[in-house]
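# Coordinates in review
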Amino acid sequence: MRFAWNEENRLGCEVTDSWAGISNELRREVGESNHKSWIEPLECLAIKEGVAHFRAPSRFVGDWVKRNYHDQILTLIRNSGTDVTRLDFVVSGAVAARPKAEAARAPVSGDDVLQGTVLDPKLNFDNFVVGKPNELAHAAARRVAEGGAVTFNPLFLYGGVGLGKTHLMQAIAWELTEKRPDLQVLYLSAEKFMYRFVQALRDREIMDFKNIFRSVDVLMVDDVQFIAGKDSTQEEFFHTFNALVDQNKQIVISADRAPGEIKDLEARISSRMQCGLVVDLHPTNYELRLGILQRKAAHFAQSYGSVTISDGIFEFLAHRISNNVRVLEGALQRLFAFSSLIGQEITMDMVQDCLSDILRTSERRVTVEEIQRKVAEHFNIRLSDMLGPKRTRTIARPRQIAMYLSKELTSRSLPEIGRRFGGRDHTTILHGVRKVEEMRAADSQLNEDIELLRRLLEN
Ligand code: ADP
Ligand code: MG
């Protein structure tokens, strides 16, 4: 409980003094932990003309108090002898490290409600680079972010680490608060969900816990694989989930794999998860990585000043640093820092030096031999045919696809690849690669085959 010294209004000062007593009475009525979560963060500013003015740390807390404790507070103030007809809440400037307008509209993260942190303003749609591997997930996220009628529930986003799940979820939260300020949006990690649940159990406040989670309009739970195997948390999550779906409230879930593949996730939960729209973020491809690098470079340039990094280096990085966008970002950031320190253009030697650790660990482990094996298997041909001289279409096509993937996924040169394809000339490999590139543009079935193979090989 905090007091506000209100110079201009002596009455206000007395009232805020008596708020201490009122707050204490409330503690008895609502319980220690509720008091700590909802009443203590309030600052009583003044009571003027029948209105009691409070400052709340976030809009969510203000709304919550209004919705749940309005009458109780009013009665207690009246009992203390002050005439009051309503409560008014302003949101404190405490979250205004960011621009004011933004802070006022900041979506409420679970952390915000419970601990006082806010969502990352950088994780918005503007900063999200769209490419083939994430276009579906992006489109689905956009749809949910419109805040219109709930069309699929839940939206289940999954994919490997660093592929943009959290980014998309937070982007939805930001966009929704802008477009639909009337909606209560709650974003939190599954870990946090569990933590709060356990705390509520311990403090015997499970009803309050249920109320909080069932009163939101949009619930987003990140990394839900975390609660797999944690039986009572899963159970509670399942009930929360059902209660919200029944009220036609939007739910967005993320996980590191598809619902059916999460070990120790109860079958009934995983099947509920699949009732909505399940979309995956595929591993990044070369084009997406290049796009992200260029976008981030433009962004970094704002803080590091002019730094020259040639296209060739971007291409090298996009080629050599695989899937995880976080790693890609880290590499670029390091290059910028390095370049601005030494004040000269980044050369390939410097890149090798400066990023040697990253380049080493993201060395692609997939080999030409593995690619040949997988492709042969996929198209149901013999490995010996893949390497042999036969030129019938059913053999030559898979062979060219294997050549193409070898070029894309390994750092082998064309002559090296040629040697591994039964001693073929590098021009034959080049021809194969070009041919597949051409066909990909026109043949969507082929495209799908290749993407599938690529994912099999890269994982
Ligand atoms: P995940 O939650 O899937 O592990 P994140 O959403 O945390 O991944 O993304 C990791 C980092 O990569 C973040 O800094 C995020 O902004 C960035 N990132 C991921 N995908 C993209 C993208 N398509 N465009 C721009 N940045 C991205
Ligand atoms: Mg994440």
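The structure under discussion appears in the preceding block.
Calculation rules
- Residues numbered from 1 in each chain as written.
- Chains lettered and ligands numbered in written order.
- Predicted model: local features only at pLDDT ≥ 70, side-chain atom pairs only at ≥ 80, totals over all residues.
- Heavy atoms only, no water.
- Buried < 20%, exposed > 50% of the residue type's maximum accessible area, 1.4 Å probe, protein only.
- Helix = DSSP H or I, 4+ residues; strand = E, 2+ residues; numbered from the N terminus.
- Pairing = 2+ DSSP bridges.
- Salt bridge = Lys/Arg side-chain N within 4 Å of Asp/Glu carboxyl O.
- Contact = heavy atoms within 4.5 Å.
- Near = heavy atom within 4 Å.
- Polar contact = N/O pair within 3.5 Å; in protein donor to acceptor, adjacent residues only side chain to side chain.
- Areas by Shrake-Rupley, 256 points an atom, 1.4 Å probe, with all protein chains shown as cover.
- 1 Å grid on protein atoms, 1.4 Å probe; cavity = no way out; pocket = protein on both sides within 12 Å on 5 of 7 lines; lining within 4 Å.
- Sits in = over half its atoms within 2 Å of the grid points.
- Nonpolar A, V, L, I, M, F, W, Y, C, P; charged D, E, K, R; others polar.
- Domains from an automatic or database assignment.
- Core = buried A, V, L, I, M, F, W, Y, C linked by side-chain atoms within 4.5 Å.
- Points joined across faces, edges and corners; volume = space filled by probe spheres on them.
- Phe/Tyr/Trp six-rings, centres within 6.5 Å; stacked < 30°, edge-to-face > 60°.

Within strand β7 (residues 185–189), 4 of the 5 residues are buried, leaving the element largely enclosed by the surrounding structure. Inspection of the sheet shows β7 paired to strand β8 (residues 218–222) by 5 bridges, in the parallel sense. From the neighbouring strand, Val 185 faces β8, where its bridge partner is Val 218.

This model, assessed by the stated rule, comprises 23 salt bridges. The partner of Glu 43 in a salt bridge is Arg 55, and the shortest N-O contact between them spans 3.3 Å. Of this pair, Glu 43 sits in strand β2 (residues 43–48) while Arg 55 sits in strand β3 (residues 51–56), placing them 12 residues apart in sequence. The shortest N-O distance in the salt bridge between Glu 451 and Arg 454 comes to 3.5 Å. Of this pair, Glu 451 and Arg 454 both sit in helix α22 (residues 444–458), 3 residues apart, which is roughly one turn of the helix. In this pair, the class of Glu 451 matches that of Arg 454, namely buried. Several salt bridges share partner residues, and in doing so they unite Glu 408, Arg 440, Glu 451 and Arg 454 into one network.

The next thing to look at is the environment of Phe 241. Tracing the chain through its elements places Phe 241 in helix α10 (residues 231–246). The contacts of Phe 241, once residues within four sequence positions are left out, are Pro 154, Ile 251, Arg 272 and Met 273.

Here we come to the site of ligand 1. As a structural note, the neighbourhood of ligand 1 is formed by 18 residues, with Val 129, Gly 162, Thr 166, His 167 and Arg 326 the closest of them. Within the contact set of ligand 1, an oxygen atom lies 3.1 Å away from a backbone nitrogen or oxygen of Gly 164. A distance of 2.8 Å is found between an oxygen atom of ligand 1 and a side-chain nitrogen or oxygen belonging to Thr 166. Considered on its own, ligand 1 offers 560 Å² of accessible surface; in the complex 91% of this is hidden by protein. Taken atom by atom, the bulk of ligand 1 overlaps the largest pocket. Secondary-structure elements contributing two or more residues to the shell around ligand 1 are α7 (165–179), α12 (286–304) and α14 (325–342). Taken together, the residues of the shell around ligand 1 break down into 7 nonpolar, 7 polar and 4 charged. The two domains that each donate at least three residues to the shell around ligand 1 are domain 2 (125–280) and domain 3 (286–361).

Before going further, it helps to examine the nonpolar core. By size, the foremost hydrophobic cluster in this structure holds 53 residues, and its most contacted members are Trp 19, Phe 54, Ile 73, Ile 77, Val 224 and Phe 237. Looking at this core element by element, the count peaks at 8 residues for helix α3 (residues 59–79). The two domains that each donate at least three residues to this core are domain 1 (2–91) and domain 2 (125–280). With sequence-adjacent residues up to four places away left out, Phe 54 is seen in contact with Trp 19, Leu 42, Glu 43, Cys 44, Leu 45, Ile 73, Ile 77, Leu 87, Asp 88, Phe 89 and Val 90. The next biggest cluster of nonpolar side chains, apart from the first, holds 28 residues, and it includes Val 307, Ile 309, Ile 321 and Ile 358.

As a volume, the largest pocket reaches approximately 790 Å³. As for the largest pocket, its lining consists of 29 residues, of which Leu 123, His 167, Lys 296, Val 325 and Glu 329 are closest to the centre. Elements represented by at least two residues in the lining of the largest pocket include exactly α7, α12 and α14. It is α12 that contributes the most residues to the lining of the largest pocket, 7 residues altogether. Here the residues of the lining of the largest pocket are counted per class, giving 9 nonpolar, 11 polar and 9 charged.

All chains considered together, the criterion is met by 10 aromatic pairs. On the numbers, 5.5 Å between centres and 20° between planes, the contact of Phe 54 with Phe 89 is stacked. Taken together, the positions of Phe 54 in strand β3 and Phe 89 in strand β4 (residues 86–91) put the pair 35 residues apart, joining distant regions of the chain. Side by side, Phe 54 and Phe 89 carry an identical accessibility label, which is buried. Between Phe 193 and Phe 213, the ring centres sit 5.0 Å apart and the planes meet at 70°, which makes this aromatic pair edge-to-face. Here Phe 193, found in helix α8 (residues 190–202), pairs with Phe 213, found in helix α9 (residues 206–214); they are 20 residues apart in sequence, far enough to count as distant.

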